[in-house]
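Structural features, examined
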Amino acid sequence: MPRSTKADKAQQLNAAHRLLQRNVALPEAAQRLARQFGLSLRQAYRYLEEAAQLDAPVEVAEATVPVTLKLPPTTVRVLRAYARSSGLTIGVIVTRALNAFLGALRRHG
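As the structure is a computational prediction, the values presented were derived from the model and not from experiment. (Residues numbered from 1 in each chain as written. Predicted model: local features only at pLDDT ≥ 70, side-chain atom pairs only at ≥ 80, totals over all residues. Heavy atoms only, no water.)

**Some remarks on the overall build of the protein**
The helix and strand inventory of the protein stands at five helices and zero strands. Each helix and strand of the protein, ordered N terminal to C terminal, gives the series α-α-α-α-α. Taken over C-alpha atoms, the radius of gyration comes to 19 Å for the protein, far larger than the 13 Å a tight globule of 109 residues would show. Overall, the C-alpha framework of the protein stretches about 55 × 30 × 30 Å when taken along its three principal axes. For the protein, the proportion of its 109 residues judged to be buried stands at 20%. A total of about 8700 Å² of accessible surface is found on the protein, and carbon and sulfur atoms cover 57% of it. Of note, the protein has its 16 positive side-chain charges centred 9 Å away from the centre of its 7 negative side-chain charges. (Helix = DSSP H or I, 4+ residues; strand = E, 2+ residues; numbered from the N terminus. Rg over C-alpha atoms; globule rule 2.2 N^0.38 Å. Buried < 20%, exposed > 50% of the residue type's maximum accessible area, 1.4 Å probe, protein only. Areas by Shrake-Rupley, 256 points an atom, 1.4 Å probe, with all protein chains shown as cover. Lys, Arg positive; Asp, Glu negative; His and termini not counted. Charge placed at Lys NZ, Arg CZ, Asp CG, Glu CD.)

Right, here's the structure in full:
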């Protein structure tokens, strides 16, 4: 059986969240999740329990590819400090920064 990814878990949680939002009865919701994602009923109930704690759907992360960057030590120190204080990973911070930069280039370029 293939390993579940973070994106898989996010999609399953979001499906569970949608079912709960539509007030689908738990046994029916568990059956639907189990069928849709090939889960055991026990696992489907776990997703429903976790989804019940959510205020909103979770973000489905895109798959990532490792890259190596050479950055000045000062930039790395600031980046690591920000990651620690924000609770975000360096990958998330760099992705957001690059997306903002590239978006600005597209708008002005």
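Having seen the structure, we can now continue with the description.
**Examining the nonpolar core**
Within the largest apolar cluster, 14 residues are counted, with the highest numbers of intra-cluster contacts made by Ala16, Leu19, Ala29, Leu33, Ala44, Tyr47 and Leu48. Those elements that provide at least two residues to this core are α1 (6-21), α2 (26-37) and α3 (41-52). (Core = buried A, V, L, I, M, F, W, Y, C linked by side-chain atoms within 4.5 Å.)

**With respect to helix α4 (residues 73-86)**
Taking 1.5 Å per residue as the helical rise, α4 with its 14 residues ought to reach 20 Å, and the 20 Å between its terminal C-alpha atoms agrees with that figure. With its phi angle positive at about 80 degrees, Gly87 sits one or two positions after the end of α4. (Expected span 1.5 Å × (residues − 1).)

**Re the pattern of salt bridges**
Under the definition given, this model contains two salt bridges. We note a salt bridge from Glu50 to Lys9, for which the minimum N-O separation is 3.4 Å. Taken together, the residues Glu50 in helix α3 and Lys9 in helix α1 connect sequence positions 41 residues apart. In this structure, Glu28 engages Arg32 in a salt bridge whose closest nitrogen and oxygen atoms are separated by 3.0 Å. With Glu28 and Arg32 both in helix α2 and four residues apart, the pair spans about one turn of that helix. For Arg32, a relative accessible area of 32% puts it in the partly exposed group. (Salt bridge = Lys/Arg side-chain N within 4 Å of Asp/Glu carboxyl O.)

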